[in-house]
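# Understanding the architecture of this molecule
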Amino acid sequence: MTEQIERTYFVQQLLRWFIKHQRDLPWRQTKDPYKIWVSEIMLQQTRVDTVIPYYERFLDRFPTVQALAEAPEADVLKLWEGLGYYSRARNLQQAVREVQATYDGVVPSEPDAFSALKGVGPYTKGAVLSIAYNRPEPAVDGNVMRVLSRYFLIEEDIARPATRKKMEQLIREMIPHEDAGDFNQGLMELGALVCTPRSPSCLTCPVMEHCQARLEGKEEQLPVKKKAKAPRKEYRVAALIAAPIEEEQGGFSSFRYVMRQRPDTGLLAQMWELPHLETVREENPSEGLADRSDLKQLAEMIRQETGIAVKPVELLLETEHIFSHIHWYMNVYVFSPDSTGASQQMQANRYRWVSRPELEQLALPNVFVRVFQHLFAK
DNA sequence: TAAACGTGGCC
DNA sequence: TGGCCAAGTTT
């Protein structure tokens, strides 16, 4: 069988299979390029089941390009809370504002124009344009690379950009212009449902007959991918500065807390956190209580940046959090403040006193969401 | 090219 | 339990 016939067989079998077996997903109920775009951004490195509730809430709140373009950044970040890779949210809004301003709110269908938008890389360009506009652009993600590496027995490291480009070229040669969107989605769907990373269901695969890896018994060995490095360790000590809120009757029933907004770039950009600092610590973090000098340094930093003098009261909890590239060991101490006034200095350093209802409005990374869950459960 | 950038589920 | 993985992009 010639290579060309093999490819034609693949395309036809895949399309037939996809039409019959595709999942009923929220973003498949629409052809609105904006909604498909939102789904593709959320789905980057993120599971379908995780995305669905976020997708529904996000579009409920921002149903159109205009609605998202006009929304406060903080609201967008809050709706993204817990989803991870938060620069996706800021980039999406920046791109949507560009679409509103430059294209009168219409998502551009030209590959170069759409691709130029913030957060739109080679995958997202192909996915959105093929699904929404049926443009014959490749959309090569991890699923697609797995399927192709097996079917064509491609043994190059899929972590290399050069490998992805090779696969994009392959797709350009195969993609049917009449069914570009279904073909791209079919490839991804096959990777998600049948040609899975472990224990692929070859016996139900529509293209098993000519799958080169299957024919050679190498389906479990592909794709080849370089191993990721272990996350580096960081030890941190954080301050929960709590002050009772006075009521008219003279008692109190709730607290205010000092929160700090992270820098505009980098890890967890613009999200809110407990004031904390990195401490020098060798191995064995569970040994864990921050020593006096850590607490002293932390109190000093807080005084410098807020003008509030604080004293450590007790250890609230020791917790770990693993990002993709950093492993945090964090000890959280309760501190008592000598005052509760808001100062110019606090604001300049991105600190705020917040009540519990105000806290609910801020976007927090999961590691700090869990700290408060622990506190409020006590 | 390699590292930064989150989170949760799975085996 | 810990490493791997999931519809990647930016720098």
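Residues numbered from 1 in each chain as written. Chains lettered and ligands numbered in written order. Predicted model: local features only at pLDDT ≥ 70, side-chain atom pairs only at ≥ 80, totals over all residues. Heavy atoms only, no water.

## Comments concerning the overall build of chain A
Helix and strand counts for chain A stand at 16 helices and 7 strands. With respect to the three principal axes, the spread of C-alpha positions in chain A is 85 × 50 × 35 Å. Out of the 378 residues belonging to chain A, those deemed buried represent 49%. Pairs at least 24 apart in sequence give 67% of the contacts found in chain A among residues at least 6 apart. (Helix = DSSP H or I, 4+ residues; strand = E, 2+ residues; numbered from the N terminus. Buried < 20%, exposed > 50% of the residue type's maximum accessible area, 1.4 Å probe, protein only. Contact = heavy atoms within 4.5 Å.)

## Quick look at unusual backbone geometry
For the bond running from Leu222 to Pro223, omega is 0°, close enough to zero to count as cis. Among the structural elements, Pro223 can be located in the loop between α12 (212-215) and β1 (232-246). The phi dihedral of Tyr85 falls on the positive side, at around 45°, and the residue is not glycine. Within the fold, Tyr85 resides in the loop between α5 (73-80) and α6 (87-102). Here the phi dihedral of Arg350 falls at roughly 65°; this positive angle occurs in a residue that is not glycine. Topologically, Arg350 is positioned in the loop between α14 (344-348) and β7 (351-355).

## Things to note about the protein's contact with DNA strand C
Around DNA strand C, the structure places 25 residues, and the nearest of them are Gln45, Gly119, Asp141, Asn143 and Pro197. Counting only the atoms of DNA strand C that lie within 4 Å of the protein, the sugar and phosphate share comes to 69%. A distance of 2.3 Å is found between a phosphate oxygen of DNA strand C and a backbone nitrogen or oxygen belonging to Gln45. The contact in question runs from a phosphate oxygen of DNA strand C to an N or O atom on the side chain of Thr124, over 2.9 Å. Every element with two or more residues in the surface near DNA strand C is listed here: α2 (33-43), α8 (122-133) and α9 (142-151). Its residues assigned to classes, the surface near DNA strand C shows 9 nonpolar, 7 polar and 9 charged. (Near = heavy atom within 4 Å. Polar contact = N/O pair within 3.5 Å; in protein donor to acceptor, adjacent residues only side chain to side chain. Nonpolar A, V, L, I, M, F, W, Y, C, P; charged D, E, K, R; others polar.)

## Some thoughts on the protein's contact with DNA strand B
Around DNA strand B there are 23 residues in total, and Arg47, Tyr86, Leu268, His321 and Asn366 lie nearest to it. When the atoms of DNA strand B within 4 Å of the protein are grouped by moiety, sugar and phosphate amount to 61% of the total. Note that a phosphate oxygen of DNA strand B is positioned 2.7 Å from one of the side-chain N or O atoms of Tyr86. Where the surface near DNA strand B is concerned, the elements lending two or more residues are β5 (310-322) and α16 (366-377). Taken together, the residues of the surface near DNA strand B break down into 9 nonpolar, 9 polar and 5 charged.

## Considering helix α11 (residues 180-193)
Between its first and last C-alpha, α11 extends 20 Å over 14 residues, near the 20 Å set by a 1.5 Å rise per residue. Most of α11 is tucked away: 11 of the 14 residues are buried. Within the span of α11, buried status applies to Ala180, Gly181, Phe183, Asn184, Gln185, Gly186, Leu187, Met188, Glu189, Leu190 and Gly191. (Expected span 1.5 Å × (residues − 1).)

## Some remarks on the nonpolar core
Grouped together as the largest cluster of nonpolar side chains are 66 residues, with contacts concentrated most on Tyr34, Trp37 and Phe58. If you tally residues by element for this core, the top one is α2, at 7 residues. The residues touching Phe58, leaving out its near neighbours within four places in the chain, are Tyr34, Val38, Met42, Leu68, Val76, Leu79, Trp80 and Leu92. (Core = buried A, V, L, I, M, F, W, Y, C linked by side-chain atoms within 4.5 Å.)

## Topic: the packing of aromatic side chains
By convention here, two paired aromatic rings are described through the distance between centres and the angle between planes. Applying the stated criterion across every chain yields a total of 14 aromatic pairs. Connected via pairs of aromatic rings, a cluster forms that spans Phe255, Tyr257, Phe372 and Phe376. Across from the ring centre of Phe376, 3.7 Å away, lies the NZ or CZ of Arg356, which sits over that ring. (Phe/Tyr/Trp six-rings, centres within 6.5 Å; stacked < 30°, edge-to-face > 60°. Lys NZ or Arg CZ within 6 Å of the ring centre and 35° of its normal.)

## What about the packing of α9 against α11?
Geometry of a packed helix pair, given as the angle between the helix axes and the separation of the axes. Where α9 contacts α11, the two axes come as close as 8 Å, and the packing angle between them is 80°. It follows from the interaxial angle that α9 and α11 lie roughly perpendicular. Listed contacts from α11 to Asn143, Val144, Arg146, Val147 and Leu148 of α9 are Leu187, Met188, Leu190, Gly191 and Ala192. Grouping the amino acids of the contact of α9 with α11 by side-chain chemistry returns 7 nonpolar, 2 polar and 1 charged. (Axes fitted to C-alpha atoms, helices over the stretch in contact; angles between N-to-C directions. Parallel < 35°, antiparallel > 145°, perpendicular 65-115°, else oblique.)

## A word on the environment of Pro26
The topology assignment puts Pro26 in the loop between α1 (3-21) and α2. Relative accessible area serves as the criterion here: at 16%, Pro26 is assigned to the buried category. In the structure, Pro26 is positioned 23 residues away from Asp49 in sequence and 11 Å away in space, judged by C-alpha atoms. Sequence-distant contacts of Pro26, that is, excluding residues within four places in its chain, are made with Ile52, Tyr55 and Glu56.

## A closer look at the environment of Arg23
The residue Arg23 is located in the loop between α1 and α2 in this model. Spatially, the C-alpha atom of Arg23 lies 19 Å from that of Pro33, the residues being 10 residues apart in sequence. Setting aside anything within four residues of it in sequence, one finds Arg23 in contact with Arg28, Val48, Glu189, Ala192 and Leu193.

## A look at the pattern of salt bridges
Summed over all chains, the structure comprises 21 salt bridges. Note that Glu155 and Lys218 form a salt bridge whose closest N and O atoms lie 3.9 Å from each other. With Glu155 in the loop between α9 and α10 (161-174) and Lys218 in the loop between α12 and β1, the pair connects residues that are 63 residues apart, well separated along the chain. Residue class for Lys218 comes out partly exposed when judged on its relative accessible area of 28%. (Salt bridge = Lys/Arg side-chain N within 4 Å of Asp/Glu carboxyl O.)

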